[in-house]
Every structure is written in C-alpha cells, then in structure tokens.
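# Architecture at a glance
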Amino acid sequence: MPPHEPRVALVTGCGKADGIGQAIARNLAAKEISVVVADRQAAGIPNHAQAARDQHSDWQGVDALAQQIQDAGGRALAVLGDISEPEDADRLIAEAADFGGRLDILVNNAAAPQGLDRQDIEEIPLELWDQQMQVNLRGTYLMSRAAVHVMRRQRYGRIVNISSMAGVDAAPHSTAYSASKAGVLGLTRSLAMDVGPWGVTVNAVCPGLIGTSRAFLRQNPADLDVDSYLASRGRKIPVGRVGTSEDVAAAVSYLSSEQVGYVTAQTLIVDGGGLTPFPSPSLTSKRRRSGPTITAVR
C-alpha cells in the first residue's frame, strides 16, 4: 500500500546547475515530496571538458539547490558522499531516512565524469574503466542495497536507476561507459524480481541526447556556439530537438509515483524517437591521431 505520510526521496548526482539530478529533485519537490539532494562534492565532479575552467562560479551546488527548493515552499536537505564507498552509501540512505522518518524513492542518477574514457578501447587507461564501473554500477548497487533494507521494512518503495541509450544501442568510443550502463539495466531487472513482494518497484530510465554539459564531451563549450550545436544535432532526432533535463525528470516522476505499482523491471527510453547520431570513426588505422572521419549511425 502507498504511504499516507508525506513521501521522502533521495536523488544522487544533483550538484551540477544544468544536470538531470537537479531537475529530478525540483520535479519531485513540486509534488510535495521531501527531497534529499546528494553529490560527491557540492557542485558535482566536472567532466574533462569542464575541468580547466569554472562553469558556474556563482553556483553553490546541492546547498543552493536545497535552499531554492525550500524558498519555493518545499522541504529539502543537502548531503555529500561517495556512492561507490559502502560506508558513504549506507550513511546517505540513513540520513535520508532520518530526515523524513522513511525513504520512499531512490533515484540513482549519479554517474562518473566523462571525457578521456571516450576513446578507442586501446587508448582508455584502466583506471578510467574502473572509475566508470565504480560509480555507475557499483554505486547504483550499493545505494540500492542500502535502500532495500529500509523499503522492505516499510513494505513500499520506488527505485529508479538512470542508465543511458549507450547501454542499449551501439555507441563507438564508449566501451567503459556503455558497459557500466548496460550493467545498470541488468541490475534493475534482477533487483525488481527480488523486492517485488515487498511493494518495491525497480525501473530504469535511458536518456538519449540531453542538452546538459555532458553533451560536450569532445568539445569545449567556451569555444562553441552551444545553441547552434545542439540545434544541429537535434534536427537529426525525430522530434526535432535534443532532450532536456526536465524531459528525464518527467519520466522519473512517473516511475516513482504511488500509482505506478504494477510497472517494474522495465526500461523507459527517453530519446526523442531514437536515431540519435553517434559519431563513428570510419575504417582507418586505430593509431591515426588526426581524428576520425565522422559518419552517422544509430
């Protein structure tokens, strides 16, 4: 049975001002759900293209997000922790449960920073492979494991894992990221079977191209006309535009609602109809350094 008390949600990966996490948190808070917003550091871990400069110098990360939710009449708490560490994962779940007296929704949104891992398999340092697996897959597992302990006791819960279309479709120069996100889908389906009898559902959302800072893994936004770049890529998508963080937040809101208790072990794709073009190298020497010929593939 759904809870009668005000619901409580924990959303990871909320530190970036334009990220999917902050949009999910705002969407849930607007539905009078108490929200705990988390990240490893206050403003999130920058992707490689962002690391050389401060993207949002006046943005205070999860602290600012929590304050903005409170200013809008909601209830929010900011917490910090590394989801790939068991002690931190357990602590984050405990802090969320203490904040509202229960934990109804867990959104595993946090993902490892990207950039240098987006190369040919022979060029990816082992530590970057490990980082993707540690955060994206191990972190989702650890957070879910800790949340299940609370949700089974309540006999109610919603777990929503943010995967990626890279875990569904073939994506070149993405072996580490794609493998980690495909693993999240397998975890989602299996976990749903384990916890279904306790009234806990587990589902995944797979975003396609979303117009956040993660869309610029090979470009530096400082040297790019961002609007033109996104508009150009959006014209190749059936709906005619790239996705927004709010598009993903709406999907999460649906899967985390009280009414969606008969949907579990499912993957909800949010990609504007598919056919998102991935830049693919043509058949050339893998050692060529001058850059691959770009072709559009599904």
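Residues numbered from 1 in each chain as written. Predicted model: local features only at pLDDT ≥ 70, side-chain atom pairs only at ≥ 80, totals over all residues. Heavy atoms only, no water.

### Considering the overall build of the protein
Assigned secondary structure in the protein consists of 7 helices and 9 strands. Among the 298 residues that make up the protein, the fraction classed as buried is 50%. On the protein, roughly 13700 Å² of surface is accessible, and the fraction owed to carbon and sulfur atoms is 53%. (Helix = DSSP H or I, 4+ residues; strand = E, 2+ residues; numbered from the N terminus. Buried < 20%, exposed > 50% of the residue type's maximum accessible area, 1.4 Å probe, protein only. Areas by Shrake-Rupley, 256 points an atom, 1.4 Å probe, with all protein chains shown as cover.)

### What about the pattern of salt bridges?
Inspection of the entire model under this criterion finds 7 salt bridges. Arg241 is the salt-bridge partner of Asp247, the closest N and O atoms lying 2.9 Å from each other. Look at the salt bridges and you will find they share partners, linking Asp88, Arg91 and Glu95 into a network. (Salt bridge = Lys/Arg side-chain N within 4 Å of Asp/Glu carboxyl O.)

### A few points about the environment of Ala9
With respect to the helices, strands and loops of the structure, Ala9 is situated in strand 1 (residues 8–11). Judged by relative accessible area, which is 0%, Ala9 ranks as buried. Placed 98 residues apart in sequence, Ala9 and Val107 show a C-alpha to C-alpha distance of 7.6 Å. When near neighbours in sequence (up to four residues on either side) are disregarded, Ala9 contacts Leu28, Ile33, Ser34, Val35, Val36, Leu103 and Ile105. (Contact = heavy atoms within 4.5 Å.)

### Comments concerning the confidence of the model for the protein
For the protein, the average pLDDT comes to 89, and 85% of its residues sit at 70 or higher. Under a pLDDT of 50 for its full length, residues 287–298 has, in the predicted model, 25 contacts with residues more than four places off or in other chains. (pLDDT = per-residue confidence, 0-100.)

### Considerations on the pairing of strand 6 (residues 200–207)
Across the 8 residues of strand 6, 8 count as buried, placing the element largely inside the fold. Here strand 6 shows a buried face lined by Val200, Val202, Ala204 and Cys206 and a second buried face lined by Thr201, Asn203, Val205 and Pro207. Alignment of strand 5 (residues 157–162) against strand 6, held across 6 bridges, turns out to be parallel. Residue pairing for strand 6: Val160 is matched across the bridge by Asn203. In this view, the connection linking strand 5 to its parallel neighbour strand 6 by way of helix 5 (residues 175–195) has right-handed handedness. Inspection of the sheet shows strand 6 paired to strand 7 (residues 267–270) by 4 bridges, in the parallel sense. The residue of strand 7 that forms the bridge with Cys206 is Ile269. (Pairing = 2+ DSSP bridges. Right-handed = clockwise from strand over helix to strand, strands pointing away.)

### Some words on the packing of aromatic side chains
In this structure the tally under the stated criterion is 0 aromatic pairs. The ring of Phe99 has Arg75 sitting right over it, with the charged end atom 4.0 Å from the ring centre. A cation over a ring is seen here: Arg152 above Trp198, with NZ or CZ 4.3 Å from the ring centre. (Phe/Tyr/Trp six-rings, centres within 6.5 Å; stacked < 30°, edge-to-face > 60°. Lys NZ or Arg CZ within 6 Å of the ring centre and 35° of its normal.)

### A short note on helix 4 (residues 126–154)
With 29 residues, helix 4 extends 41 Å from end C-alpha to end C-alpha; this agrees with the ideal 42 Å at 1.5 Å per step. The axis of helix 4 is deflected most strongly, by about 35°, at Arg138. Of the residues trailing helix 4, Arg155 is marked for its positive phi of about 60°. (Expected span 1.5 Å × (residues − 1). Bend = angle between axes of the 7 residues up to and from the residue.)

### Overview of helix 5
Its 21 residues give helix 5 an end-to-end C-alpha distance of 30 Å, which sits within 8% of 30 Å, the value for a rise of 1.5 Å per residue. Buried within helix 5 are the following residues: Ala176, Tyr177, Ser178, Ser180, Lys181, Val184, Leu185, Leu187, Thr188, Leu191, Ala192 and Val195. On its buried face, helix 5 is in contact with helix 4, strand 5, strand 6 and strand 7.

### Considering the packing of helix 1 (residues 20–30) against helix 7 (residues 245–255)
Running from N to C, helix 1 and helix 7 cross one another at 50°; their axes reach a closest spacing of 8 Å. Relative to helix 7, helix 1 is oriented oblique. Relative to helix 7, helix 1 is oriented so that their crossing is right-handed. For the pair formed by helix 1 and helix 7, the contact residues are Ile20, Gln22, Ala23, Ile24, Asn27 and Leu28 on the first element and Ser245, Glu246, Val248, Ala249, Ala250, Val252 and Ser253 on the second. Taken together, the residues of the contact of helix 1 with helix 7 break down into 8 nonpolar, 4 polar and 1 charged. (Axes fitted to C-alpha atoms, helices over the stretch in contact; angles between N-to-C directions. Parallel < 35°, antiparallel > 145°, perpendicular 65-115°, else oblique. Left-handed = near helix turned anticlockwise from the far one by under 90°. Nonpolar A, V, L, I, M, F, W, Y, C, P; charged D, E, K, R; others polar.)

### Quick notes on the environment of Leu77
Examined against the element boundaries, Leu77 turns out to sit in strand 3 (residues 76–80). Taking the C-alpha atoms as reference points, Leu77 and Leu10, separated by 67 residues in sequence, lie 9.4 Å from one another. If sequence neighbours within four positions are ignored, Leu77 has contacts with Val35, Val36, Val37, Ala66, Glu95 and Phe99.

### Focus on the side chain of Gln132
Secondary-structure assignment places Gln132 in helix 4. Using a relative accessible area of 0% as the deciding quantity, one classes Gln132 as buried. When near neighbours in sequence (up to four residues on either side) are disregarded, Gln132 contacts Ala112, Pro113, Gln114, Asp117, Leu137, Ala176, Tyr177 and Ser180.

### Considering the packing of helix 3 (residues 86–100) against helix 4
Any two packed helices are characterised by the angle at which their axes cross and by the distance between the axes. Interhelical geometry of helix 3 versus helix 4 gives an angle of 40° and a closest axis separation of 9 Å. With respect to their mutual orientation, helix 3 and helix 4 come out oblique. Between helix 3 and helix 4 lies a crossing of right-handed hand. Contacts between helix 3 and helix 4 involve Pro86, Ala89, Asp90, Leu92 and Ile93 on the former and, on the latter, Arg138, Leu142, Met143, Arg145, Ala146, Ala147 and Val150.

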